[in-house]
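# Inside the fold
Next come the chains, spelled out residue by residue.
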Amino acid sequence: MVRRFSVAPERIVGLRRLGVDKSEAVQVIGLVCNEFEVPAPSITFHGGRGPHTGYTKMPLDRAMAIADAANIGIWRPASGKPWPTLGMIRLGDPSSLGTIAHELGHHLVNHHEPLRTASHGKRWVHWFDDAAKVIDRHTGPGS
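Residues numbered from 1 in each chain as written. Predicted model: local features only at pLDDT ≥ 70, side-chain atom pairs only at ≥ 80, totals over all residues. Heavy atoms only, no water.

### Concerning the confidence of the model for the protein
Mean pLDDT over the protein works out to 90, with 89% of the residues at or above the 70 mark. Summarising per-element confidence for the protein, the mean pLDDT is lowest in helix α4 (residues 60-66) (84) and highest in helix α5 (residues 97-112) (98). (pLDDT = per-residue confidence, 0-100. Helix = DSSP H or I, 4+ residues; strand = E, 2+ residues; numbered from the N terminus.)

### Some words on the pairing of strand β4 (residues 88-91)
Where strand β2 (residues 42-45) and β4 come together, four bridges link them in parallel fashion. In the strand pairing of β4, Phe-45 is matched with Leu-91. Pairing of strand β3 (residues 54-57) with β4, which is carried by four bridges, proceeds in the antiparallel orientation. If you follow Tyr-55 over to β4, its bridge partner there is Arg-90. (Pairing = 2+ DSSP bridges.)

### Examining the sheet that holds β2
Within a beta sheet, neighbouring strands are joined by backbone hydrogen bonds and run either parallel or antiparallel to one another. Strand order in the open sheet formed by three strands is β2-β4-β3, and the pairing between neighbours is mixed. Two strands bound the open sheet, and with one partner strand each, they are β2 and β3. Shown here is a sheet whose adjacent strand axes are inclined to one another by a mean of 15°, direction ignored. Along the sheet, helix α3 (residues 22-35) makes contact with β2 and β4, crossing β2 at roughly 155°. Those strands touched by α5 are β3 and β4, and its axis lies near 10° from that of β3. (Axes fitted to C-alpha atoms, helices over the stretch in contact; angles between N-to-C directions. Contact = heavy atoms within 4.5 Å.)

### A look at the nonpolar core
Core analysis: the biggest nonpolar cluster contains 26 residues, and Val-32, Leu-97, Ile-100, Leu-104, Leu-108 and Ile-135 have the highest contact counts within it. For this core, the secondary-structure elements that each account for two or more residues are α2 (9-16), α3, β4, α5 and α6 (122-139). Not counting residues within four places of it along the chain, the set of residues in contact with Ile-100 comprises Val-20, Ala-25, Val-28, Ile-29, Leu-91, Ser-95 and Ile-135. (Core = buried A, V, L, I, M, F, W, Y, C linked by side-chain atoms within 4.5 Å. Buried < 20%, exposed > 50% of the residue type's maximum accessible area, 1.4 Å probe, protein only.)

### Points about unusual backbone geometry
In this model, Asp-93 is joined to Pro-94 through a cis peptide bond whose omega is 10°. One non-glycine residue, Glu-37, lies in positive phi territory at about 55°. Residue class for Glu-37 comes out exposed when judged on its relative accessible area of 72%. Of note in the backbone geometry, Arg-116 takes a positive phi value of approximately 65° without being a glycine. Along the chain, Arg-116 falls in the loop between α5 and α6.

Next up, the structure:
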């Protein structure tokens with residue numbers, strides 16, 4: 001979908017080549033969330049993840065809206081950790097800026113699009129592009 005519908009696939013490829021550490025990742029996520037007026041998600045890091053892998057959980061209210069009563073336990077896992085109220089992004093450390101843009105695309109879909117919007121569809125590509133554009137503007141040469 002990205003190759004087919006992205007307005008700037010070369011930007012995404014370029015961002016995949018740039019890595020950031022935990023503190024830089026948190027700053028970048030905050031910048032993008034601020035730009036699009038959405039709350040920042042919880043951000044976690046997992047040492048076993050590579051720089052090009054990430055994971056996003058939707059906000060609790062959205063998850064609850066699509067869950068049926070039989071599956072409610074999914075939203076309160078056995079680990080005892082509550083589902084993240086504002087959503088969550090999990091990244092590797094370091095993480096590529098392209099991966100951060102990808103995960104932010106999901107986070108932005110969760111806050112701006114209707115329930116059940118395709119997780120890797122055209123609307124997600126739009127938000128992925130928009131997140132990448134903001135990241136590139138703030139991390140490119142001269143920023």
